[in-house]
Structures are given as structure tokens and as C-alpha cells.
Amino acid sequence: MDDYMDHSSGGDSDGNDSEVEEYADKTYEELTGGKHSVKLSDVTFTCPFCTNKKKRDYQYNDLLQHATMVGKSDAKKRSAKDKASHLALVKYLEKDVMENTGPSQAKDNVDVDHLAEHDGDEMFVWPWKGIVVNLPIELKDGRYVGKSGSNLRDTLSTRGFNPTRVIPLWNFRGHSGSALVEFKKDWVGFNNAMSFEKAYDADHHGLRDWKINKDDLKDEIYGWVARSDDYNATNVIGEHLRKIADLRTISDIMAEEDRKVDSLESNLKNINEVKKKQLEEMENQYVETEHSLKECIAEKDVLVQKYNEELKKIESGAREHIQKIISDHLKTKQQVEDEKRKLELQGQELQKREANNEIEQKKLAEEIAQNAERNSLLEKASDEQQKADESVMNLAEDQKREKEELHKKIIMLEKQLDSKHAVELEIEKLKGQLNVMKHIGEDDMETLKKVDEIQKKLREREEELDDLESLNQTLVVQERKSNDELQEARKELIEGLKELPKTAHVGVKRMGELENKPFIDAMKRKYDESEAEDRASELCSLWEEFLRDPNWHPFKVITVNGKSQRVIDENEEKLKGLKRNYGGEVYKAVATALTEINDYNPSGAYVTTELWNFNEGRRSTLKEGVMTLLEMWDMHKRRRNM
């Protein structure tokens, strides 16, 4: 125990040396008796006398270093009782704990001895610096020169001191014969620096020897570790040390390391919390996206089902209509055949008759000629009927074929849409998995391999999505082409039905054309009948010019059920004056023309023709137009047969 007490400060206000030694022996007995717990586990220990410190667990060598520094500290803030307790802990660790601790639990004894030999409040130059003096130099051209620092660094490295750099010091005369030896900024560097100093002390070439033999030096190098005296010196060594280093105690350095460790732990905890929050947000976004995609797919399935049901109804109606047309034509054909056979029988009966006189013969000849002419007409009607039957059959076949092709395209589009949605869903899932994997394991090789596989699979799905987009675009172009062909057929049908009277069920209407009857009725209320027509014509022409004026926009936009709609502004000055001066019927005629132009030709603002269902007041379908055309043909055919 005396060996440990020799290094203490010699006591303070709490008691003298004998009291400290007595308290240290008492504390050592308490440690060996188990009153104070030191060992936490096989690899961790604690200081039972520093319960208020943040750092509570130590490795064996760290605790030994801590106890040694506190026990040998000269700081006034350490009481004699505190120093004695830690000196007792040093003795307990070395004599009792060291025997039961394997080699893996302790560092090299040299490391511990270097720290144990120095007071925790001793001032060192930081980062660790060694000083070498009396280096061999020679005078050349009026200046002193010497070997480079790398040569001395290599020499010291071969001796096991591992310096990082040797800096020769120069003054106005040249090389000063001195140099600074730099070591690593850690406890390994401190160990190397102290080994460097001990080696020169052992060879009697340390700082003490340098001071003794300063006036009688030989060609030998002296070396030691830089401390406060060297730092504050007025020579070239002190000047250079003050430029590149500071003075620090071992206790300060260890406290700073503890603060850095605590700060690092705090930062890591904060980063971990941020990462957890980001991961939770990503997981929530992934769940929301997956839920949204599922809802979209369900809505799409409902729409497809409704569309298929409507398509089946349309196909069923078309089949019934075509069947009715074919049945009517077969009946008409049978009637023509029956009439033809009846006429043939009459002709045969007329041929059998023999005219007894000239008048009867002429009469018979006239009847035969008439029958022949009627026969000829019936044959022509039969041929035309046959051609009409063939045309109707061809039309029915074309319509059936077009519907089948359209149905096939629709089925293909549905399949492509399903594939597209499936690929998009899989891409979203892969992206979600990729983001999650990236945040979960940044240093896990197995996780990185999984991330690479997911990225490869994601690229394949994106290429597949591009192919589906290209195919979908091709089908859209083909569908547009089919729609253009249907529009051309609609135009041809409009041309064929232009001559129909407006009393027909379906016909051609001029959209945006003003109806003159309301104007005439309004003028008759103000003028006599002869003048009313001229006034009405002038007023109607004036409003037709207003309708064609591209700068006149008597419309406003309103919102109905969340959707924007463009309607006529009743408060527009011209319309307001028209309604006030000529009544509601004239205003209604102008409003109807404006609405038709806005719906069917808003950009051109001129009259266009449209296939129209007059009974229901709406745009007629292509099917209704074809049925009307066939009815016209049937009526024309019946008139010719009468």
C-alpha cells in the first residue's frame, strides 16, 4: 500500500498522510469483503466512489486508469478521502481482480503503466509532441544544415515509437539542431510518446540529462515529451509549439472524449428517431397508395361490368331489328311471286280464248300487251327487290362484322387496361419495397442484394408498362379510324335524307338556323299583315348577323353539382332588349339557335346539318337513320307496285 501512497499529494484539509493511509487500508478491506460492488459482468466494471458521473460502466483497463489518475491527482477539488478511496481501488484491481481476469479483458501493461505514472492534472502539449535536440548539423555556405525529418522519423519507427512526422526547426542561422516529433492524437500515440521519452531516459539522454550536460555535450541526441515548460519557452522550440499546439491535461482530454462520446450517442439516437419516423411515414404512404389502387380497380371492374351489360342489350336489339327487316323482305318477295303467278295464269286463260270477231281480237291483243307490260314491270320490281334484299343482307353482315371487330377491340383494350393496372400496381409495390429496404438496412449485404433484385424487377416492369402503353396507343388510333369511318357514313346518310319533309320521324335539321315564325307572329302584333313579313324578315336577318358575329359571346359559366357548365346569359344587353321588345317566343328562338351553335359548331359559328329525331327533340342515332332510309325504300317500292 506504501507504493501507492508515495504518489499522492500529501494530504489536504480533510486529514494528514497517516489518516489517508488508514482510510485507504480500511476501504481496501471493504472492497475485498464485498461491501462495495466493482464488477458488473465478466467484461464491465464500475467505480463505487463516483456514483454521480454519467459514465458508470468501464472496461478493466479504463477503470484502472481512472482510479490511478484520481488517486494521484494534485487538484484541490479532490479530497484526501476521495484520493484514498481510489488508491484502494487501484490496489484491489491489481491484486485481486487482475488475477481473475483473462488476457482478453486487459490491455498491454505498458499502456496502463504510462497513464498510471502521470498525474491527471499534469500539463502536456496537445497533440502529443516529442522534442529532440543536439541533432548533427554542419555549416555550409554560411548556414547550418542537417538531415531531413524523414530520416529521423524512419529511425524512430524502427525503434517502435511510430511517429507520424518529424519537423526540423530552423532559425535565421539555418538548422537549429532541434526537431519536433509528432505522434497520433489518441492514447496509442500517448503510449508511443511516453515510450519514446522512457527510452531516452533509460539511455541517460532525457530532459534531466540534457539540462545537466548542456554545457558539455557530445554528438548524441537527447529527447523527451513536450510539456508546459517547453511550450512557454522563449526559444525556437517554444515559438513553434505555440503556433501548432495547445496545453492540455490528461483529465481534460479524457473529459472531452467523454463529451464527444455522449454527443455522438445523442446524435445517433436522434438520427435513429428520425429514421423511424421516416420509415413509419413511408409505410403509411404505401398502405394509402395500395388502398387507393384497390379502390380504382374495384371501380373499373364495376364500370366494365355495366359497359358489357349495355353492349349486350345493344347487340340484342340490333339482332332483333335485322331479323325483322329480313322477315319483312321475305313477305314482300312472296307477295311479288304470288302476283306474278296470278298474272301468268290470266295470260294463259287469255291465250286460250278465241276471238270471234275483229273487235274481240283487238281487245284481246291489247289485254295481252298490257299483261306483258305489267309482267315486265313486275320482273324489274322483283330484280330490284332481290338487289335490295342483297344490299340489306350485306348491310346487316357489315354491321355485324363491325360490331364483332369493335367488341374484340373493346375486349383487347380491357385486357390491356387490366394488364396496365396490374403492372402499375406491381411497380408501386416494388417502389415501396425498395424505399423500405433502403431505409432498413444500409450496411446489410443481404439487404443490398435484395434491393438490387427489386431494382432489376422494377426496370423489367417499367419496360413492360412502356410496351403496353405503345400497344394501347395503337388500338386507340385504330378505334379513332373506325370512328372516322362511322362519321363518314353519318354524313352520307344525312345527304340521303335531306329531301325528307320535317314531318318525318327522323330527318335532317339545320343547327343554328333561326326559325322565322316567332318573328312574323311578333311583328303581326305591331304592324299590319302586309308590312309584318318585311319587318320580320329584316329583324330575323339582323339577328342572324348577331349569331354569326365571333366577337359576341352572350354566355356565362355556372357550377352545377360540382361541374362547370356554359349557359346563355339572360342579362346580356342585346338578349334582354330582344325579350323586352318582342316577347318570349322570339327570345326562345334566338336562344335555341345560340345553344345549337354552341353545342354543334362553337368555333365556326355558322349553320351545320345534323341527323335529328324530331319526335324526341334530340340528335338521332345512326341506327335510327338507317331504319328511316329502309322505311323510305319500302314505301317507294309499294307505291311503284300499286
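Per chain, the residues get numbers from 1 upward, laid out in the order the sequence is written. Only residues with pLDDT of at least 70 get local features here, since the model is predicted, and only at 80 or more are side-chain atom pairs given and counted; chain-wide, interface and lining totals rely on the full set of residues. Here the side-chain values reflect all heavy atoms present in the structure, with hydrogen atoms and water set aside.

Going by an unreviewed UniProt entry, the chain carries the name XS domain-containing protein and comes from Helianthus annuus.

Some details on the packing of aromatic side chains
Note on aromatic contacts: the rings of Phe and Tyr and the six-membered ring of Trp form a pair at centre separations within 6.5 Å, being stacked when their planes are under 30 degrees apart, edge-to-face when over 60 apart, and tilted otherwise. In this structure the tally under the stated criterion is 15 aromatic pairs. Seen in terms of ring centroids, Phe183 and Phe196 are 5.8 Å apart; in terms of plane orientation they differ by 55 degrees. Their pairing is tilted. Placement of the pair is Phe183 in the loop between strand S6 (174-182) and helix H7 (187-202) and Phe196 in helix H7, with a sequence separation of 13 residues. For the pair Phe183 and Phe196, a shared accessibility class is recorded, and that class is buried. Judged by centre distance (5.9 Å) and plane angle (80 degrees), the rings of Trp187 and Phe190 are edge-to-face. Of this pair, Trp187 and Phe190 are both found in helix H7, 3 residues apart, which corresponds to roughly one turn of the helix. Here the aromatic residues Phe124, Trp126, Trp128, Trp187 and Phe190 are joined through ring pairs into a cluster of three or more. Directly above the ring of Tyr28 sits Lys91, whose terminal nitrogen or CZ lies 4.5 Å from the centroid. The way it works is that DSSP assigns letters per residue, a run of H or I at least four long becomes a helix, a run of E at least two long becomes a strand, and they are numbered from the N terminus. Relative accessibility under 20% of the residue-type maximum defines a buried residue, over 50% an exposed one, and the middle range a partly exposed one, all with a 1.4 Å probe and only protein chains included. Ring-over charges, as used throughout, are those where CZ of Arg or NZ of Lys falls within 6 Å of the ring centre and within 35 degrees of the ring normal.

Section: the pattern of salt bridges
We define a salt bridge as a contact between a side-chain nitrogen of Lys or Arg and a carboxyl oxygen of Asp or Glu at a distance within 4 Å. Applying the stated criterion across every chain yields a total of 13 salt bridges. The salt bridge involving Glu256 is made with Lys260; its shortest N-O contact spans 3.6 Å. With Glu256 and Lys260 both in helix H11 (residues 250-352), this residue pair falls 4 residues apart, about one helical turn. One network of salt bridges, in which partners are shared, links Glu122, Glu197 and Arg227.

What to know about helix H3 (residues 60-71)
One less than the residue count of a helix, multiplied by 1.5 Å, gives the span that helix is expected to have. Between its first and last C-alpha, H3 extends 17 Å over 12 residues, near the 16 Å set by a 1.5 Å rise per residue. If you check which residues of H3 are buried, you get Tyr60, Asn61, Leu63, Leu64, Gln65, His66, Ala67, Thr68, Met69, Val70 and Gly71.

Comments concerning a negative patch on the surface
A contiguous patch of negative charge on the surface is contributed by Asp186, Glu257, Asp258, Asp262 and Glu265. Among the secondary structure elements, Glu257 is positioned in helix H11. On the accessibility criterion, Glu257 (31% relative accessible area) is partly exposed. Here a patch means residues that are over 30% exposed by relative accessible area and free of salt bridges, tied together within 9 Å if like-charged and within 5 Å if nonpolar (Val, Leu, Ile, Met, Phe, Trp, Tyr). Surface accessibility follows the Shrake-Rupley procedure with a 1.4 Å probe radius. Residue values consider only the protein chains on display as shielding. Under this rule, positive means Lys or Arg and negative means Asp or Glu; His and the chain ends count for nothing. By convention, the charge on Lys lies at NZ, on Arg at CZ, on Asp at CG and on Glu at CD.

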